Amino acid sequence: MLNDEHVELRKSVEEFAREVVAPVIGDYYERCEFPYDVVRRMGAMGLFGLPVPEEYGGMGGDYFALCLALEELARVDSSVAITLEAAVSLGAMPILRYGTDEQKRRWLPGMAAGEILGAFGLTEPGGGSDVAGGMRTTAALDGGEWVINGSKAFITNSGTDITGVVAVAAITGRREDGRPEISTILVPSGTPGMTVSKKYSKVGWSASDTRELSFTDCRVPEENILGERGRGYAQFLQTLDEGRVAIAAVSVGLAQGCVDESLRYARERRAFGQEIGCYQAIQFKIVDMEARAHTARLAYYHAAERMVAGLPFKKEAAIAKLVASNAAMDNARDATQVFGGYGFMNEFPVGRFYRDAKILEIGEGTSEVQRMLIARELGLPT
Amino acid sequence: MNIVVCVKQVPDTATERKLRSEDKTLDRDAADGVVNELDEYAVEEALRLKEAHGGEVTVLSMGPAKATETIRKALAMGADKAVHLHDDALHGSDALGTSYAVSQALKKIGFDLVILGSESTDARTGMLAAMLAERLGAPQLTLASKVEIEGTAIRVERITDYGYDKVEASLPAVVSVVEKINEPRYPSFKGIMAAKKKPVETLGIADADIAADQVGLANSWSEVVDFAAAPPRAAGTVIKDEGDGGARAAEFLASKKFI
């Protein structure tokens, strides 16, 4: 399924994750600190520019390449993986897809180099799965400027020192049918009227940056609109479809990381006179974990392949996200069990995996939303 | 500036490494081949010198067919082209034979600067840079932790037990590097794709004017007489602190002549 370049890229990222991320990430995680130096080096090797065309400073690869990189990073750590995922699939991709040439030239080269991070301000405190119905943030035109008011919740990468721009989804009017007209507006970091709250205290992904944003008469030029007015809803639906494949890749990485760690531990930990890997109770757990990671990987490969080929992939993306996040959660639970008491210690990677797994069943569409989408794709009555 | 980086494919140190019973040489098929770690620093330094001074970086690797993976990685990092010195007659060459063969290839390629890692993780003789310099009649600047070039002058900081020496020579020269020198880059996707289109020339011994009676296992000056698996690591000494832990730890270190 993978061509030579994809295989080599995966190997290159695997080495990077093992040599650069693994030795330091536990400490960042413990301190809930954003790993600027690791992100800088991810940028230097071009990971943030993987699906960005070369003319905008990218690597000229595709979304599949991005997913492979995400998987390899998440095998070692999910905080850096989600930082990359959000920066590319939520930050850069909407600008690449819907932006004007000027917007692309302004933002993409820095984003592709990992020197600036983009964020996507979609979810609101009262939103979540009902993202459109729960939207309260508004943007009104006044004297050639958008005036934004409202707030956004759980926005990844929105408050780092290198965050450059947040794409904010806002209600810009009413449609004829009475439903809200949603548009996306680019708000550069530091724009007066945009307040970045302090970092959330999270159960997992502790070395990633997640913030609440609030807007009070925040003014940006009219031309900061991304794509056409009123296209915001369609834009974020497509962005989320793609993002689901990326989150599936992150999930598979975590699921595989659980297998890697358990295999190593089962060979070295001894109980009752032999390595615990000799016992079927441990073997079967690890085998089930491997089977889950493997099938979830095939699911996201299939979705990514269809996406890259320009074929419909909504159902495949939802299935990949559903099964992969499930696999991550199940594997994290089993790996922790294999490690016993040590699995409950934060200093072991599996402790981190356990804390990082749950959000995968929630972020970028909950498992329930994925099931709704699949049901719809199956043509079930609504 | 014409820079040639010598890279070697070595068995992954993370896997079990074995010698072959039939000829007491390294079993290169038994383990995954990776780029010798110090050679990645050499490639990085070559690329930085090229970025600063212009020129071209050529990768030179002597090894079996499998060594092409290593060559590809160096090309993906950014080297411009490669020469693969590959001939069954070279199998089993010792350091003297290897330095002769590599020096012959270097004469054919031509160079202003040769850079290599200060040793390989397999044989670990650490002699190749000095031998190459001697055979090429070029100055050797070994164990470099910093390299500067100005015109035809090359200055390095050469690490020593007590710090470093400043050493200066003129090009053409042979430099070996230590891991303190830089932070090697990881191949980017663009680099990986570009590497596919870069030229790799394969040389046999005849192509590089290498005399068959100077290389290979049969002509080696060194000989492996016998070998045995490393003994399993013995348990360490545990000092339990009962008030005198510090003193006993010091005693232990003194008994091993560490202090």
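Procedures and definitions
Residues numbered from 1 in each chain as written. Chains lettered and ligands numbered in written order. Predicted model: local features only at pLDDT ≥ 70, side-chain atom pairs only at ≥ 80, totals over all residues. Heavy atoms only, no water. Helix = DSSP H or I, 4+ residues; strand = E, 2+ residues; numbered from the N terminus. Rg over C-alpha atoms; globule rule 2.2 N^0.38 Å. Buried < 20%, exposed > 50% of the residue type's maximum accessible area, 1.4 Å probe, protein only. Contact = heavy atoms within 4.5 Å. Areas by Shrake-Rupley, 256 points an atom, 1.4 Å probe, with all protein chains shown as cover. Pairing = 2+ DSSP bridges. Axes fitted to C-alpha atoms, helices over the stretch in contact; angles between N-to-C directions. Phe/Tyr/Trp six-rings, centres within 6.5 Å; stacked < 30°, edge-to-face > 60°. UniProt positions renumbered as here; feature names shortened; annotations may be inferred. Patch = residues over 30% accessible without salt bridge, like charges linked within 9 Å, V, L, I, M, F, W, Y side chains within 5 Å. Salt bridge = Lys/Arg side-chain N within 4 Å of Asp/Glu carboxyl O. Buried area = accessible area lost by both parts, 1.4 Å probe. Nonpolar A, V, L, I, M, F, W, Y, C, P; charged D, E, K, R; others polar.

What to know about the overall build of chain A
Part 1: Helix and strand counts for chain A stand at 10 helices and 10 strands.
Part 2: In terms of overall size, chain A behaves like a compact globule, its C-alpha atoms giving a radius of gyration of 21 Å where 382 residues would be expected to give roughly 21 Å.
Part 3: Counting every position in chain A, which comprises 382 residues, the buried fraction comes to 56%.
Part 4: Residue pairs at least 24 apart in sequence account for 73% of intrachain contacts in chain A once pairs closer than 6 positions are excluded.
Part 5: When the accessible area of chain A is evaluated, it comes to approximately 15900 Å², of which 52% is carbon and sulfur surface.

Some thoughts on the sheet that holds strand E9 (residues 163-170) of chain B
All names here are of chain B.
Part 1: What the nine strands build is an open sheet, ordered E9-E8-E7-E10-E6-E1-E4-E5-E11; its pairing is mixed. Every other strand in the sheet has two partners, leaving E9 and strand E11 (200-203) as the edge strands with one partner each. Put simply, the sheet's adjacent strands are angled 30° from each other on average, direction ignored.
Part 2: Running over the sheet, helix H2 (residues 68-77) touches strand E4 (56-62), strand E5 (81-85) and E11 and is turned about 160° from E5.
Part 3: Its contacts with the sheet put helix H4 (residues 128-136) on strand E1 (2-6), strand E6 (113-117), strand E7 (140-150) and strand E10 (173-177), and the angle it makes with E10 is roughly 180°.

Brief notes about the packing of aromatic side chains
Part 1: With the rule as written, the count across this model stands at nine aromatic pairs over all chains.
Part 2: Between the aromatic rings of Phe16(A) and Tyr186(B), the centroid separation amounts to 5.2 Å while the plane-to-plane angle is 85°, which identifies the pairing as edge-to-face. Of this pair, Phe16(A) sits in helix H1 (residues 4-30) while Tyr186(B) sits in the loop between E10 and helix H5 (189-195), each in a different chain.
Part 3: Ring centres 5.4 Å apart and planes at 40° place the aromatic pair Phe154(A) and Tyr200(A) in the tilted group. With Phe154(A) in strand E3 (residues 145-156) and Tyr200(A) in the loop between strand E6 (194-196) and strand E7 (210-221), the pair connects residues that are 46 residues apart, well separated along the chain.
Part 4: Grouped by ring-pair contacts, the aromatic residues Tyr265(A), Phe339(A), Tyr342(A) and Phe348(A) constitute a single cluster.

Digging into the UniProt feature "domain: Acyl-CoA oxidase/dehydrogenase middle" (unreviewed entry) in chain A
Part 1: Annotation from UniProt places "domain: Acyl-CoA oxidase/dehydrogenase middle" (unreviewed entry) at residues 119-218 of chain A.
Part 2: In residues 119-218 of chain A, the share of helix is 0% and the share of strand is 53%. The end C-alpha atoms are 17 Å apart.

A closer look at the UniProt feature "domain: Electron transfer flavoprotein alpha/beta-subunit N-terminal" (unreviewed entry) in chain B
Part 1: Mapped onto this numbering, the UniProt entry gives "domain: Electron transfer flavoprotein alpha/beta-subunit N-terminal" (unreviewed entry) at residues 23-212 of chain B.
Part 2: Within the segment residues 23-212 of chain B, helix and strand shares are 31% and 29% respectively, and the terminal C-alpha atoms sit 19 Å apart.

So, a nonpolar patch on the surface
Part 1: On the surface, Ile239(B), Phe252(B), Leu253(B), Phe258(B) and Ile259(B) cluster together into a nonpolar patch covering about 480 Å² of accessible area.
Part 2: Along the chain, Ile259(B) falls in the segment after helix H6 (245-255).

Points about the interface of chain B and chain A
Part 1: Tallying the contact residues gives 12 residues for chain B and 19 residues for chain A.
Part 2: Around 1500 Å² of area is buried between chain B and chain A when both sides are counted, 54% of it from carbon and sulfur atoms.
Part 3: If you sort the residues of chain B by the area they bury against chain A, Tyr186(B), Phe189(B) and Lys190(B) come out on top, with a joint share of 48%.
Part 4: Linking chain B with chain A are five salt bridges.
Part 5: In this structure, Glu15(A) and Lys73(B) form a salt bridge, with 2.7 Å as the shortest nitrogen-oxygen distance.
Part 6: The set of elements that each furnish at least two residues to the side of chain B that touches chain A consists of H2 and H5 of chain B.
Part 7: Ranked by residue count, the leading element in the side of chain B that touches chain A is H5(B), at four residues.
Part 8: Classifying every residue of the side of chain B that touches chain A by side-chain character gives six nonpolar, one polar and five charged.

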